[in-house]
Amino acid sequence: MTLPTEFDLTIRNGRISTASDTYHADIGVRDGVIVAIGSGLAPGKRDIDAAGRWVLPGGIDSHCHVEQLSGMGMMCADDFYSATVSAAFGGTTTIIPFAAQHRGDLLPEVVADYSKRAAEKAVIDYGFHLIVSDPTEQALKHDLPALIKSGITSFKVFMTYERMKLDDFQLLDVLDVADREGALVMVHAENNDMIRWVARRLAERGMTAPKYHAVAHTPLAESEATNRAVALARMMDVPLMIVHVAGIEAVRVVHSSQALGLPIHAESCPQYLFLTAEDLDLPGLEGAKFCCSPPPRDPESQAAVWQGLLDGTLQMFSSDHAPYRFDESGKLPKGEATTFKDMANGVPGLEVRMPLLFSEGVMTGRMTIERFVALTATNHARTYGLHPRKGTIAVGADIGIWNPERRVTISTAMLHDNVGYTPYEGREVQGWPEIVVSRGRVVVEGGVLDAERGSGRFLVRGTPEPVLRQRLNGNPNALVRKYFGSHPNDE
Ligand code: DUC
Ligand code: ZN
Ligand code: ZN
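As the structure is a prediction and not an experimental result, all values here were calculated from the model. (Residues numbered from 1 in each chain as written. Chains lettered and ligands numbered in written order. Predicted model: local features only at pLDDT ≥ 70, side-chain atom pairs only at ≥ 80, totals over all residues. Heavy atoms only, no water.)

## Some thoughts on the pairing of strand E2 (residues 22-30)
Inspection of the sheet shows strand E1 (residues 9-17) paired to E2 by seven bridges, in the antiparallel sense. The partner of Gly 14 across the bridge, within E2, is Ala 25. Where E1 hands over to E2, the hairpin turn is made up of four residues, counted between the paired strands. Relative to strand E3 (residues 33-38), E2 is paired through five bridges, and the arrangement is antiparallel. Counterpart to Asp 26 in the pairing with E3 is Gly 38. Count of turn residues in the E2/E3 antiparallel hairpin: two residues, of which Asp 31 carries a positive phi of about 50 degrees. (Pairing = 2+ DSSP bridges. Helix = DSSP H or I, 4+ residues; strand = E, 2+ residues; numbered from the N terminus.)

## With respect to the coordination of the zinc ion (ligand 3)
For the zinc ion (ligand 3), every protein donor is listed as His 63 (NE2), His 65 (NE2) and Asp 320 (OD), and the spread of their distances is 1.9 to 2.0 Å. Each donor residue of the zinc ion (ligand 3) belongs to the same chain, and together they define the spacing H-x1-H-x254-D. Between the zinc ion (ligand 3) and the zinc ion (ligand 2) the interatomic distance comes to 4.1 Å. Of the two residues, His 65 is situated in the loop between strand E6 (59-61) and helix H1 (80-89) and Asp 320 in the loop between strand E15 (316-317) and helix H11 (353-363); the sequence distance between them amounts to 255 residues. (Donors = N, O, S within 2.8 Å, 3.2 Å for Na, K, Ca; no water.)

## So, the packing of H11 against helix H12 (residues 369-383)
Put simply, H11 and H12 touch, their axes get as near as 9 Å, and they point 155 degrees apart. Judged by the angle between their axes, H11 and H12 are roughly antiparallel. At the point where H11 passes H12, the crossing takes the right-handed sense. Residue-level contacts link Arg 353, Met 354, Leu 357, Phe 358 and Val 362 of H11 to Ile 369, Phe 372, Leu 375, Thr 376 and His 380 of H12. Residues belonging to the contact of H11 with H12 are distributed by class as follows: seven nonpolar, two polar and one charged. (Axes fitted to C-alpha atoms, helices over the stretch in contact; angles between N-to-C directions. Parallel < 35°, antiparallel > 145°, perpendicular 65-115°, else oblique. Left-handed = near helix turned anticlockwise from the far one by under 90°. Contact = heavy atoms within 4.5 Å. Nonpolar A, V, L, I, M, F, W, Y, C, P; charged D, E, K, R; others polar.)

## Observations regarding the packing of H1 against helix H2 (residues 107-121)
Across the interface, H1 lies against H2 with an axial gap of 8 Å and an inter-helix angle of 55 degrees. Taken together, the axes of H1 and H2 lie oblique to each other. Between H1 and H2 the crossing geometry is right-handed. Of the residues in H2, those in contact with Phe 80, Tyr 81 and Thr 84 of H1 are Tyr 114, Arg 117, Ala 118 and Lys 121. Looking at the contact of H1 with H2 residue by residue, the class counts come to four nonpolar, one polar and two charged.

So, in structure tokens, the structure goes:
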């Protein structure tokens, strides 16, 4: 076999890690793809010496909110430009944000709108998940199947938020479509009535400070809804993705479902490793900066999330970047009179997601570099139909070149999002992605961006990989399927 000798880019002498291996080699890139991995490759037109550096797949953040109107009517602070720039500076080269349907919206119009805005502004590649809040006949029978075929192969549903939530009947309908069409359902699992009941009583008693958000969003609301979502998926015999797992009991529900052999996948986020409910308990409204749903919990839950990430119960580490400014546009819609019920829910994290886990997971020796790669890139690519174009060092040339020695103190001033604060202000991390490559283009180097607005591409995603499509063997609760066989093979 003759190896190509003319490369646009070579990355030489680096220590390459994927989700399965670590080795020293050179990488040769041509026309935006990796065409050679070997030793002693000829220098490319652009030649990077990565000696002493770790060469990792570009990260994939499969849960982030960009230029999205929330269920409470708040617009995100980041548009597709600032979000993708911020992601790139943190080592992430692919994002999968949401195209969010609000009740009454037609799904194809929602997607057309997000697609236009992203195409004009994104600097790295992106896909979309749908948010389905109005599963009409039209949506279930025509629009969802058509959009899945067009490469949007996952959608999120909510069990809470008055204006977004689906009831169990609707959840079953959506799971059914996902099953028929080969898509994956992601669920925000919190029991709406439990939260509402507590929140109303807190408010009646004048308990309106940000810290009461974490009281209202009791861990039981999360674990109950997680358990119910699993039961619904089990009845339909379909895989499920539980997003932003926060509490120890929810981790246990996921773990025990997997022990039964169920294809229940789960994700967690930096806020559940590095923040607790105490962070919401600050003078005045300052705690609003740490308000997200589910809320950060306690050290015991932090430990359970760490354990879940290490033992495979949780397969993905996403930011759930939900950027809102600390002003009337987001966190403080009623100014000083804002209560915990009014504040926009969500914390920023696109840029620091990978550095935080690299530092606290890999550099402390708690986590292998291979596991880090799986959690921040490869498992996202597999689960959401992007592997191996993205998420590994094989074909697509999305790469982060990390300096494992570099110490960085996180501050708002150094970040590239448009939020104006970071929950991780003042935290020191070790390890930083100094050079970031997207489709063979060096987009970040020396703290400088070199990427055109609109140069990111929409990714038509495939169906989730077979592991997620695995059928349950002899699942006694899947008898429903016997009578309503929706799988092509069953009919
Ligand atoms: N759910 C999310 O996934 N992100 C932000 C807020 C929320 O409720
Ligand atoms: Zn959510
Ligand atoms: Zn989210």
